[in-house]
Amino acid sequence: MDAGTIQDIAGLALFIVPLCAALSMLAILAGRAANGHVSLPIFACACIYVALVATLTLAPPPASMSNGRFGTNLVPLVHSARCFVPNPGQPSTTAFCVRTILGNVAIFFPLGLVLPLVLLPMSSWKRMLAVAFGASLSIEVLQFAGRWFGSFRWSDIDDVLFNVLGAMVGYSVWRLLARRGRASVASHVPPQHNRFL
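Tell me about the overall build of the protein, residues and numbers included.
For the protein, the helix and strand inventory stands at seven helices and two strands. Of the regular secondary structure in the protein, the N- to C-terminal order runs α-α-α-β-α-α-α-β-α. Here the protein holds 197 residues, and 31% of them are scored as buried. For the protein, contacts bridging at least 24 residues in sequence account for 77% of all contacts bridging at least 6. Per element, the accessible surface of the protein, about 12400 Å² overall, is 72% carbon and sulfur.

Here's what the structure looks like:
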């Protein structure tokens with residue numbers, strides 16, 4: 001078995017292990033789904049979402065070993081801001097920057113919507129912020145570690161910030177919909193009459 005094959009297997013393991021761990025955690029919640037606390041369609045959507053995020057962020061990109069292009073950014077927002085500054089003699093990167101930022105926001109937007117439906121106690125801004133930050137930071141750490149296994153990706157603090165922003169926007173939408181849903185239900189409930197009057 002040559003070194004390339006070993007690196008391919010290690011890179012695949014770096015993708016599969018976190019995916020299996022995440023799906024196992026969701027499987028634990030399946031008991032709640034079976035007991036009626038979480039609907040099975042919502043649980044299925046959560047599983048599909050985790051699989052898609054893991055595939056998009058952790059799976060080795062095509063020909064990643066051949067391009068060897070990777071890096072690390074630990075300075076918040078500076079790298080993203082520079083991306084919009086025109087560089088004479090170089091093609092514009094504005095479209096790429098916009099796609100990258102919106103992509104990082106969009107990929108965590110469903111987290112803010114789905115997580116409160118799967119984890120019923122997730123009804124706090126602080127909890128959602130902590131989970132979103134922890135999940136995004138874990139992805140960046142795994143992407144950084146993937147360099148030793150043939151998966152060359154950027155590890156960028158800006159990705160974490162935009163991921164968290166996306167999750168919090170999704171969570172805001174969930175809270176708004178939940179509030180409107182409760183108000184709608186309350187408006188359709190007939191007033192209770194005191195039988196002792």
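Which residues make up the state of the cysteines, and what values do they have?
Cysteine pairs can be covalently joined through their sulfur atoms, and such a bond is termed a disulfide. All told, the structure shown has one disulfide when counted by the stated rule. Between the sulfur atoms of Cys-83 and its disulfide mate Cys-97 the distance is 1.6 Å. Handedness of the Cys-83-Cys-97 disulfide follows from its S-S torsion of about -85°: it is left-handed. In this pair, Cys-83 sits in helix 4 (residues 78-83) while Cys-97 sits in helix 5 (residues 94-118), placing the two residues 14 residues apart along the sequence. Accessibility assignment for this pair places Cys-83 and Cys-97 in one class, buried.

Run through the confidence of the model for the protein, naming residues and quoting values.
Predicted confidence across the protein gives a mean pLDDT of 75, with 64% of residues reaching 70 or more. Mean pLDDT across the elements of the protein ranges from a minimum in helix 3 (residues 64-67), with 44, to a maximum in helix 6 (residues 125-145), with 91. Note on residues 63-68: pLDDT under 50 across the span, and nine contacts to partners over four residues away in sequence or across chains.

Run through the side chain of Asp-159, naming residues and quoting values.
Positionally, Asp-159 belongs in helix 7 (residues 157-188). A distance of 2.9 Å separates a polar atom in the side chain of Asp-159 from a polar atom in the side chain of Asn-104. Setting aside chain neighbours within four positions, we find Asp-159 in contact with Asn-104, Ser-136 and Glu-140.

Lay out helix 6 with the relevant residues and their values.
Along its 21 residues, helix 6 runs 30 Å from first to last C-alpha, staying within 8% of the 30 Å computed at 1.5 Å per residue. For helix 6, every residue scored as buried is listed here: Met-128, Ala-132, Ser-136, Ile-139, Glu-140 and Gln-143. Burial along helix 6 is one-sided: seen end-on, the buried residues are contained in an arc of 95°. For helix 6, exposure combined with an orientation more than 90 degrees from the buried face picks out Lys-126, Ala-130 and Val-141. Capping the start of helix 6 is the job of one residue whose side-chain oxygen sits 3.2 Å from the backbone nitrogen of Lys-126: Ser-124.

Parameters and conventions
Sequence positions are assigned chain by chain, starting from 1 and proceeding in written order. Totals for whole chains, interfaces and linings use every residue, but because this is a predicted model, local features are given only for residues with pLDDT of at least 70 and side-chain atom pairs only at 80 or more, for both listing and counting. Side-chain descriptors were evaluated using all non-hydrogen atoms of the structure, hydrogens and water having been removed beforehand. For helices the rule is a DSSP run of H or I covering at least 4 residues; for strands it is a run of E covering at least 2, with both sets numbered from the N terminus onward. A 1.4 Å probe rolled over the protein chains alone gives each residue an accessible area, and that area as a share of the maximum for its type sets the label: buried under 20%, exposed over 50%, partly exposed in between. Contact criterion: two residues are considered in contact whenever any of their non-hydrogen atoms come within 4.5 Å of each other. Residue-level accessible areas treat just the shown protein chains as cover; the underlying method is Shrake-Rupley with a 1.4 Å probe. The term disulfide is used for any two cysteine sulfur atoms that are within 2.5 Å. For every residue, the pLDDT score states the predictor's confidence, bounded by 0 at the bottom and 100 at the top. In the analysis that follows, any N or O atom pair within 3.5 Å is treated as a polar contact, provided that within protein one partner can donate a hydrogen and the other can accept it, and provided that, for residues neighboring in sequence, both atoms belong to side chains. Expected span of a helix: the number of residues minus one, times 1.5 Å. Working definition: the arc comes from the directions between the helix axis and the C-beta atoms, pointing outward to the latter.

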